[in-house]
Structures are given as C-alpha cells and as structure tokens.
Amino acid sequence: MRTTPSGLTAAAALPLVAGGPRSAGPSTPEAEVILLFDQFRYRLARYITGFGLSTNDAEEIVQEVFLSLFRHLQLGRSRQNLRGWIFRVAHNLALKQRYANKRSLELAKDMEWSSTFDFGLERSPEEQVLSLQRRQRLMAVFTCLPEQDRCCLQLRAEGLRYREIARVLGVSLGTVAASLSRSLERLARADTR
Amino acid sequence: MRYEDPHPSDQDLILLADGELSVGQTLQARDHLAACWECRAKMAEIEDTIVEFVRFHRDNFGARLQPIDGPRALLRAQLAQSAKDASRRPLRRIGTLLNRTRIAYAFAVLVCVVAGAKILSWAGAYKNVYAAPLPNPALTPGATQSISLASICSSTHDQVVRRVPDSVRQQVFREYGIVGAPSKDYEIDHLVTPGLGGSDDIRNLWPEPRYRTTWNSFVKDQLEDHLHHLVCDGQVSLSTAQHEISSDWISAYRKYFHTDEPLLPYSSSMAPSLNVADGPDRGGRPHSGYIWEWRAAAWHRFAPRPGT
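Here the structure is a predicted model, which means the values were calculated and not measured.

Conventions we followed
Along every chain, residues carry numbers that run from 1 in the direction the sequence is written. As they are written, the chains are lettered A onward and the ligands numbered 1 onward, keeping that order. Given that the model is predicted, a residue must reach a pLDDT of at least 70 before its local features are reported, and side-chain atom pairs must reach 80 or more before they are shown or counted; all residues, however, enter totals for whole chains, interfaces and linings. As a rule here, side-chain values come from all non-hydrogen atoms in the structure, and water together with hydrogens is ignored. For this analysis, residues touch if any pair of their heavy atoms sits within 4.5 Å. When two parts are brought into contact, each loses some accessible area as probed by a 1.4 Å sphere; the total of that loss over both is the buried area. By definition, a salt bridge exists where a carboxyl oxygen of Asp or Glu is found within 4 Å of a side-chain nitrogen of Lys or Arg. Each helix is a run of DSSP H or I of at least 4 residues and each strand a run of E of at least 2, with the numbering of both proceeding from the N terminus. Within this scheme, the nonpolar core is defined by two criteria: the residues are buried Ala, Val, Leu, Ile, Met, Phe, Trp, Tyr or Cys, and they are joined through side-chain atoms within 4.5 Å. The buried label applies to any residue whose accessible area, calculated with a 1.4 Å probe on protein chains only, is under 20% of its type's maximum; exposed applies above 50%, and partly exposed to all values in between. Expected span, for any helix, means 1.5 Å times one less than how many residues it has. Polar contacts, as used here, are pairs of N or O atoms within 3.5 Å; protein pairs need one atom able to donate a hydrogen and one able to accept it. Residues neighboring in sequence count only if both atoms are side-chain atoms. Pairs were defined over the aromatic rings of Phe, Tyr and Trp, the Trp ring being its six-membered one, requiring ring centres within 6.5 Å. Orientation was assigned from the angle between planes: stacked under 30 degrees, edge-to-face over 60, tilted for the rest.

1. Observations concerning the interface of chain B and chain A
The interface of chain B with chain A comprises 40 residues on the first partner and 53 residues on the second. Taken together, the two surfaces of chain B and chain A that pack against each other cover about 4800 Å², and 62% of this comes from carbon and sulfur. Remark: the boundary between chain B and chain A carries 4 salt bridges. Looking at the side of chain B that touches chain A, the elements that each hand over two or more residues are helix 1 (10–17), helix 3 (37–60) and helix 4 (69–130) of chain B. Examining the composition of the side of chain B that touches chain A, we find that 14 residues originate from one element, helix 3 of chain B, more than from any other.

So this is what it looks like as structure tokens:
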C-alpha cells in the first residue's frame, strides 16, 4: 500500500479555491481584482501553459484576463462565480493565442521538462527516481489525451467544480464527468505499471 | 458478507470523490463503500491517481513562473490606466455618438439635396416641356430656307422632311434642359415646318411633347398640313403662314380652325399604318405622300372652309 505523502490525505478533496471566510472585502474593483490576481495568477498561468504556450504568453494572458475582469466589475456586471468566469476567459484567450502562434500541441517536445520537482525531504534517492519515472509516464499519457480531456483534468486540478468546467469548455456536465473518468482511468493504468 | 447494493461505476466513484453526487446518492454510495472492500480499494486508487496528477500538474506546469511581485505591479499600473481611460470613456462615447450622429445627419442631408435636385431637375425639365407646348423663342425663334412656293407645293412629304441627326437631337434636348426623359415622348419638331419652307437649322427645332399635352405635336401637324394646303391654294401667303406658325402656332390653330380646342384629339390609333415606336421624328409615321393627302382630307372634314 502506498504511503500518503505528508500534507495530503487520501480522502482530501482537491483544493477548492472559492469560498473561504467572509471578510470585509476590498472596497474598490481595483483592490478586488488584485486580490483575485494573487489568488488565481499561478493557477491560471499553469492552466494556460498546458495549452503548449510559453510562460511569457501565459503571463500576458493572465494580465489580459484580470484587466477584462476589472472592466467587467466596473461595468457592474454579474459577480456570480468569478472563478469560473476567470478561467473561461483564460481558456478562450489561450486558444486564441495558440492559434495565433500556430503551434502544434506536441507538449512532450515543446515543453521544457522541469527537473526541479519537490520530492520532499523524506524521499530516498530510490524513491526520487521512481517518482521521476512515474512523472514521465504520466506526462506521456497526459500528452496523448484529447485536448478536451486534458482541459477537464487541468481545470479540475485547479479546483473548479464540474459545473464550472462545463461552462468554461462549453460542454455538458455529463461530458465533464465522462472525460474525467476516462482520463483518470488512463492515468491510473500508466501509474500502476 | 453479502453486497446487496450494486457496485458504483468508476465514474460514480470519481463523482463521489469530487462531491458531485446528490446528497441521496452520496449517502447511498458511502453506505456501499462502508460495506464493500473492493469498491473502497478502487476508490483509494482513484484518489491516489488524483493526488499524483495534482502533483504532476503542479510541478510540471507553471514551475517556471516568475515571482508574483513583478506581474502584480504591472497589473496595478494597467488597472490605474484603465480606470483613467474609463473616466474619459463616457465622454468619448458621447463624442463618438455625436460624431456618428453628425455624420449620419450630414449624409441624410446630402442624400435629400441630391434627390431633391434630381426631382427638381426632372420636374423642371418636364414642367419646361409639358407646360410649354410653345417653344422657347430665345432658343427656337424659327428659321426658313430659300425655297420657292412652287417647290414647296410640288414636293412630297419625304422630299421636304429629313431625319434630324442624333447629335442635333441631343443638342436640342440639352439646350432645353431635358435630361433622362424618354425620347419617344418628344418630337424634335420644326417650328416652321419644311412644308412651309422651314429649315433644318437648330434655331427652327424644339422638343415638342407628343402625347402629354393637349397642344402636342400631332395637333401642330394638323395646323401644318392645313396651312400647307391653304398656302398652296393661294388662300394664305407663305410669309403669313411662316410668321403665324412661328410666333404662336396655337393661336394660329385656333384662328384657322375656329376652335379653342384641338378639333381631333390625335392618337396613334387613328392613323392608318401608324407606328409611334421610336423612329423618324415625325412620330414614326411612314414617309409617303399618302400622309399629306390623308391628313389633309381628314382635317378638311373638320376644318371650316375659308371665309366661313
């Protein structure tokens, strides 16, 4: 049986970013946008780079997303599910940028493989090697997934609920559920080899 | 141990793990898991995969992002600029709207002016012709040629009337300001008919309405024919006939026919073999001596005898 890494429990739900204790809240749209930027910038950039875009492109798109959010709030538009709104805008801008870049989605070739994994101090060198191999297998499976399945996985990993994912991608709830199920099954098969 | 509940599918387990099942379904699934080691093990595998993927996703994507301070400062600056632009935006919108309104208004005025000018020119042109069965004396004072009475009276219609060249026709239309009107509505008529010694000079030509006025080209033809007959009979001098037809042919008609209105409302259906389609300027009628005789006979039926 696998040991559960510290900091994560087997039954813990994926981190949900929305919600949290109510506070006084930012008084101006600008302050509100900065707060949301601090909260979502990393997640958004991570999601955007999953499209095969560079980190520079990802940063620019993130800036554009929050500028759009600022205009959205200034115009007094709906504040319902801002998290989903942010990811939807980021998703569309990433697709647009990718089309503009005319890059093919060969993530395994284009992405710079990061070797700075946080293996944790508890891991032995052997465990680190095994962990690295596992990541490579996951990467191989991930890159072969259809784009919709990849997007579903990444959005779920960023904490969006199924309904939010469906809205971002413009698909049904059932499609999201089926996609995640399919993807996790493939990842699980790769993980157990 | 018996498992009476159906085993949830992998998808159901994922939905359970993600909190996407309804309350009732969640309770049912959890009850089943409590009793089913197989499904519980599968659930653990699913959650392990999720955890592993989250790590993979976290480590592999976005690991190269720069610290947040720089992008945050950049965003602050852009937000400040956007806020400044937004304060000017209502004015810009109003300005844009005003500009668009001005442009639309100016365009509408231009269209009205052009259309009005067009209508006026048409109206003017038509008014010029239809309200004036008499020619413009400045443009068409009348002109005669040097020809003897004997030649006039011995010549056929074809011999004295020649087709007006198109260039001259167009010039006459231009001088009278007739633009765009159907040419078949007008006859480029000789004010002094060649049958009374009139010339082909442009000063003797004018666009005479064929149909749309009471005093039209067909009515004038009646007068021309009658005067030709009277002159050749010696009842009226050639110079008198030329003067009267050129100065005011309508008055001459009334005088020589003793009527205030045309005796015969001439129409194309009355004349034999008449073709009023575009053709020679004499209304498309065939050029033959028959015309003189037929017309003379027809008018003589109605025209009073001289002296009566």
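Picking up after the structure, the text goes on.
2. Comments concerning the nonpolar core
Across soluble globular proteins, you tend to see nonpolar side chains buried next to one another. Counting 69 residues, the largest nonpolar core has Leu44(A), Val65(A), Phe66(A) and Leu69(A) as its most contacted members. If we ignore the near neighbours within four places in the chain, the residues touching Leu44(A) are Val62(A), Val65(A), Phe66(A), Ile86(A), Phe87(A) and Ala90(A). Counting 29 residues, the second largest nonpolar core, distinct from the first, contains Phe173(B), Trp215(B), Leu238(B) and Ile250(B).

3. Here's the deal with helix 8 (residues 217–233) of chain B
Residues and elements named next belong to chain B. With 17 residues, helix 8 should cover 24 Å at 1.5 Å per step; its first-to-last C-alpha distance of 24 Å lies within 8% of that length. Burial of helix 8 is extensive: 14 of the 17 residues sit out of reach of the surface. Between the side-chain oxygen at the start of helix 8 and the backbone nitrogen of Phe218 there is a gap of 3.0 Å, and the oxygen is on Asn216. Looking one or two residues past helix 8, Gly234 carries a phi angle of roughly 85 degrees, positive in sign.

4. Side note on the pattern of salt bridges
Considering all chains together, one arrives at 21 salt bridges over all chains under this definition. Measuring nitrogen to oxygen at the nearest pair gives 2.9 Å for the salt bridge that ties Arg182(A) to Asp149(A). Taken together, the positions of Arg182(A) in helix 8 (residues 173–191) and Asp149(A) in helix 6 (residues 147–157) put the pair 33 residues apart, joining distant regions of the chain. Relative accessible area serves as the criterion here: at 34%, Arg182(A) is assigned to the partly exposed category. Taking relative accessible area as the criterion, Asp149(A) reaches 2% and is therefore assigned buried. Here the salt bridges share partners, and the residues they tie into one network are Asp38(A), Asp69(B) and Arg72(B).

5. Re the packing of aromatic side chains
Each aromatic ring pair is specified by the distance between its two centres and by the angle formed by the two planes. Enumeration according to the criterion identifies 11 aromatic pairs over all chains in this entry. An angle of 70 degrees between the planes, with centres 5.9 Å apart, marks the rings of Phe173(B) and Tyr186(B) as edge-to-face. Taken together, the residues span a long stretch of sequence, with Phe173(B) in helix 7 (residues 166–175) and Tyr186(B) in strand 1 (residues 186–190) at a distance of 13 residues. Across the pair, exposure class does not vary: Phe173(B) and Tyr186(B) are buried alike. With 6.0 Å between their ring centres and 75 degrees between their planes, Trp215(B) and Trp249(B) make a pair best called edge-to-face. Here Trp249(B) lies in helix 9 (residues 238–257) and Trp215(B) lies in the loop between strand 2 (205–209) and helix 8, a separation of 34 residues in the sequence. Assessed through its relative accessible area of 9%, Trp215(B) is described here as buried. Owing to a relative accessible area of 0%, Trp249(B) belongs among the buried residues under this scheme. Through a chain of ring-to-ring contacts, the aromatic side chains of Phe40(A), Tyr47(A), Phe51(A) and Phe87(A) assemble into a single cluster.

Worth remembering: the numbers are spatial, not functional.
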